[in-house]
Amino acid sequence: MYSEKVMDHFTNPRNVGEIEDASGVGTVGNAKCGDIMRIYLDVDDETKVIKDCKFKTFGCGAAVATSSMATELVMGKTIYEALEVTNKAVMEALDGLPPVKVHCSLLAEEAIHAALWDYAKKNNIEIEGLEEPKADIGDE
Ligand code: FES
């Protein structure tokens, strides 16, 4: 049912943790399953490149695997290019997810967007194509 890559990222997730004084933090939750995901970004203010990205997920295995893959995909990208890391891109990178688990990958996309929004807000810049995340549930 799960691809090898999903199993790999689930059993050995990359970039788990927190970034102290992160440039941007986004926390999102899915009301239906109750899962929560938080993404931390460390952005180079000059080049706007994401130097580091970490996550914490209180959620299902697919949520862990997608956040792990999402952190790998956004690292090294600029905050503008990071918008390319959609849930579809994350799922493709994981060689697919079962249909009932697609919403888990959406959580990863929303968490990245929420963290980017936080960065943009703090720095008074606009990231074209980025909309205010509705799913951001703040710091609690
Ligand atoms: Fe909720 Fe996967 S079941 S994020």
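Residues numbered from 1 in each chain as written. Predicted model: local features only at pLDDT ≥ 70, side-chain atom pairs only at ≥ 80, totals over all residues. Heavy atoms only, no water.

Counting its secondary structure elements, the protein contains four helices and three strands. For the protein, the succession of helices and strands along the chain, N to C, is α-β-β-β-α-α-α. Taken over C-alpha atoms, the radius of gyration comes to 14 Å for the protein, in line with the 14 Å a tight globule of 140 residues would show. Considering only residue pairs separated by 6 or more positions, the protein has 62% of its internal contacts joining residues 24 or more positions apart. Put simply, the protein shows about 7300 Å² of open surface, and 50% of that area lies on carbon and sulfur atoms. The positive charge centre, built from 14 side chains, and the negative charge centre, built from 26, are 3 Å apart in the protein. (Helix = DSSP H or I, 4+ residues; strand = E, 2+ residues; numbered from the N terminus. Rg over C-alpha atoms; globule rule 2.2 N^0.38 Å. Contact = heavy atoms within 4.5 Å. Areas by Shrake-Rupley, 256 points an atom, 1.4 Å probe, with all protein chains shown as cover. Lys, Arg positive; Asp, Glu negative; His and termini not counted. Charge placed at Lys NZ, Arg CZ, Asp CG, Glu CD.)

A few words on the pattern of salt bridges. All chains considered together, the criterion is met by six salt bridges. As a salt-bridge pair, Lys56 and Glu18 come within 2.6 Å of each other at their nearest N and O atoms. Note that Lys56 is positioned in strand S3 (residues 50–58) and Glu18 in the loop between helix H1 (4–11) and strand S1 (24–29), a separation of 38 residues in sequence. Lys122 serves as the salt-bridge partner of Asp118, at 2.9 Å between the closest nitrogen and oxygen. With Asp118 and Lys122 both in helix H4 (residues 102–123) and four residues apart, this pair spans about one turn of that helix. (Salt bridge = Lys/Arg side-chain N within 4 Å of Asp/Glu carboxyl O.)

For the rest of this paragraph, the subject is the pairing of S1. With six bridges joining them, S1 and strand S2 (residues 36–43) adopt antiparallel strand pairing. Looking at S2, one finds that Gly29 is bridged to Ile36. Here S1 folds back onto S2 in antiparallel fashion, the turn holding six residues, of which Gly34 has a positive phi close to 85°. (Pairing = 2+ DSSP bridges.)

Relative to the assigned elements, Tyr119 resides in helix H4. Given the relative accessible area of 0%, Tyr119 is considered buried. Sequence spacing of Tyr119 and Ile79 is 40 residues, and the spatial spacing of their C-alpha atoms is 9.0 Å. When neighbours within four sequence positions are excluded, Tyr119 is seen to be in contact with Ser23, Gly24, Val43, Asp44, Asp45, Lys48, Ile79 and Ile125. (Buried < 20%, exposed > 50% of the residue type's maximum accessible area, 1.4 Å probe, protein only.)

Further remarks concern the packing of H1 against helix H2 (residues 61–74). For any two helices packed against each other, one specifies the crossing angle of their axes together with the interaxial distance. At a minimum axis separation of 8 Å, H1 and H2 run at an interaxial angle of 90°. Put simply, H1 runs roughly perpendicular to H2. Along the contact surface, H1 presents Val6, His9 and Phe10, while H2 presents Gly61, Val64, Ala65, Ser68, Met69 and Glu72. (Axes fitted to C-alpha atoms, helices over the stretch in contact; angles between N-to-C directions. Parallel < 35°, antiparallel > 145°, perpendicular 65-115°, else oblique.)

Secondary-structure assignment places Ser23 in the loop between H1 and S1. Here Val43 takes part through its backbone nitrogen, which lies 2.7 Å from a polar atom of the side chain of Ser23. In this structure Ser23 touches Leu41, Asp42, Val43, Asp118, Tyr119 and Lys122, once residues within four positions along its chain are discounted. (Polar contact = N/O pair within 3.5 Å; in protein donor to acceptor, adjacent residues only side chain to side chain.)

Together, Met1, Tyr2, Met7, Phe10 and Val100 make up a nonpolar patch on the protein surface, roughly 540 Å² of accessible area in all. Structurally, Met7 is set in helix H1. (Patch = residues over 30% accessible without salt bridge, like charges linked within 9 Å, V, L, I, M, F, W, Y side chains within 5 Å.)

The sheet built from three strands is open, its strands ordered S1-S2-S3 with antiparallel pairing. In the strand order of this sheet, the two ends are held by S1 and S3, each with one partner. Strand after strand, the sheet turns through a mean of 15° between neighbouring axes, direction not considered. The sheet contacts of H2 involve S2 and S3, and relative to S3 the element is tilted by about 175°. Packing against the sheet, H4 makes contact with S1, S2 and S3, and its axis sits at approximately 145° to S1.

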